[in-house]
Amino acid sequence: MSQRKKTGILISGRGSNMAALIEAASDKGFPAEIAGIISDQPDAPGLAVAAARGIAVQVIARGDFADRQGHDAAIDAALKALSADIVALAGYMRVLTTPFVEKWQGRLINIHPALLPAFKGLDTHRRALEAGARIHGCTAHFVTPEVDGGPIIAQGAVPVLAGDIAEVLAARVLKAEHQVYPLALRLVAEGRARMENGRTVFDLAGASERANSALVAPDLRPLAENLEDLARFTP
Ligand code: GRF
């Protein structure tokens with residue numbers, strides 16, 4: 001296998017997506033290795049999770065810098081010190097400045113808890129419920145200066161069930177995130193998903209229909225079974 005791509009992960013909190021990437025990359029056959037974790041929050045619970053897995057962690061606190069440019073420049077320098085090829089945002093809660101994003105464009109990815117382009121921004125699960133969506137999910141995408149607007153790499157769909165509240169729906173989506181994000185990192189690290197002219201270009205020649213559909217909807221098979229069950233259901 002060619003050299004594994006060194007990946008830096010930026011977090012602000014719990015770090016469950018970070019943990020999913022670390023777990024995937026613990027397989028030596030995975031095309032990316034996790035070079036280090038950077039948090040803008042000194043008390044992010046994810047820091048201890050990564051340290052326990054033997055991954056280098058560092059805090060680059062927002063408050064130590066006069067402005068966002070200075071903060072992002074410090075993060076950029078830290079990523080350079082890690083020799084990072086790819087940067088994965090995993091619950092990183094600060095909007096990155098345009099120079100940073102442009103520098104890393106095509107190598108900077110994010111996981112968002114909604115099926116983009118629906119529900120950009122925060123509080124996605126509550127908004128999906130309020131909108132009456134019956135399918136919700138998550139999106140891994142390349143990061144561009146437009147927040148949550150970059151080209152899509154992979155998506156995972158989950159059903160919205162009667163009686164769902166935001167927390168329950170969030171937990172269902174999070175499970176999909178933990179499948180989709182490692183998949184997206186794999187595709188980017190292998191060069192099978194590339195950002196070109198503002199679009200994602202896929203190189204999936206020879207991939208089976210099943211493999212192709214796994215890229216877009218890992219959870220739709222259970223959903224289809226549920227729909228069959230529903231069709232049989234006569235009150
Ligand atoms: C996830 O829902 C992710 O999609 C969003 O922020 C949340 C982070 O959760 N960007 P975690 O820190 O990865 O557990």
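The structure we're discussing is the one just above.
Quick caveat: nothing in here was measured; it's all calculated off a predicted structure. Throughout, residues of each chain are indexed from 1 in the direction in which the sequence is written. Totals for whole chains, interfaces and linings use all residues, but because this is a predicted model, local features are given only for residues with pLDDT of at least 70 and pairs of side-chain atoms are given and counted only at 80 or more. Side-chain figures throughout are based on the complete set of non-hydrogen atoms in the structure, without hydrogens or water.

(A) Quick look at the nonpolar core. In this structure, Ile9, Ile34, Ile37 and Tyr181 are the most contacted members of the largest nonpolar core, which totals 40 residues. In terms of residue count, the dominant contributor to this core is helix α6 (residues 166-189) (ten residues). An automatic or database domain assignment supplies the residue ranges for each domain. When residues of this core are assigned to domains, at least three fall in each of domain 1 (1-104) and domain 2 (111-235). Apart from the residues within four sequence positions on either side, Ile9 is in contact with Met18, Leu21, Ile34, Gly36, Ile37, Ile38, Ala88 and Ala90. Only buried residues count toward a nonpolar core, which is a set of Ala, Val, Leu, Ile, Met, Phe, Trp, Tyr and Cys residues joined through side-chain atoms within 4.5 Å. Relative accessible area decides the class of each residue, using a 1.4 Å probe on protein chains only: under 20% of the type maximum gives buried, over 50% gives exposed, and in between gives partly exposed. Formed by 18 residues, the second largest nonpolar core is a distinct cluster that contains Leu10, Ile38, Ile60 and Val143. A run of DSSP states H or I qualifies as a helix once it reaches four residues; a run of E qualifies as a strand once it reaches two. Both are numbered from the N-terminal end. Working rule for contacts: check all heavy atoms of both residues, and any pair within 4.5 Å makes them a contact.

(B) Examining the site of the ligand more closely. Taken together, the neighbourhood of the ligand is formed by Arg14, Gly15, Ser16, Asn17, Gly91, Ile111, His112, Pro113 and Glu177. Here a polar contact means two N or O atoms within 3.5 Å. Within protein one must be a hydrogen donor candidate and the other an acceptor candidate, and residues neighboring in sequence count only if both atoms are side-chain atoms. Contacts to the ligand include Gly15, whose backbone N or O atom sits 2.8 Å from an oxygen atom. Separating a nitrogen atom of the ligand from a backbone N or O atom of Ile111 is a distance of 3.0 Å. Using a 1.4 Å probe, accessible areas were evaluated by the Shrake-Rupley method; residue-level cover was limited to the displayed protein chains. The fraction of the free accessible surface of the ligand (370 Å²) that becomes covered by protein chains is 85%. Whether a residue is near a molecule or strand is decided by its heavy atoms; if any one of them lies within 4 Å of it, the residue is near.

(C) Fine view of the packing of helix α5 (residues 124-131) against α6. It is the contact of α5 with α6, at a shortest axis distance of 9 Å, that shows an interaxial angle of 110°. In this view, α5 runs roughly perpendicular relative to α6, as classed from their interaxial angle. As α5 packs across α6, the resulting crossing turns out to be right-handed. Between α5 and α6, the residues in contact are His125, Arg126 and Leu129 and Ala166, Leu169, Ala170 and Val173, respectively. Under the scheme applied here, ten amino acids are nonpolar (Ala, Val, Leu, Ile, Met, Phe, Trp, Tyr, Cys and Pro), four are charged (Asp, Glu, Lys and Arg), and all others, including Gly, are polar. Residue composition of the contact of α5 with α6, grouped by class: five nonpolar, one polar and one charged. Lines fitted to C-alpha atoms define the axes here, with helix axes fitted over just the stretch in contact, and angles between the N-to-C directions of these axes take values from 0 to 180 degrees. Throughout this description, any angle smaller than 35 degrees is read as roughly parallel, any larger than 145 degrees as roughly antiparallel, any in the 65 to 115 degree range as roughly perpendicular, and the remainder as oblique. Less than a right angle of anticlockwise turn of the near helix away from the far helix marks a crossing as left-handed, whereas a clockwise turn marks it as right-handed.

By themselves, these observations are geometric and do not establish any function.
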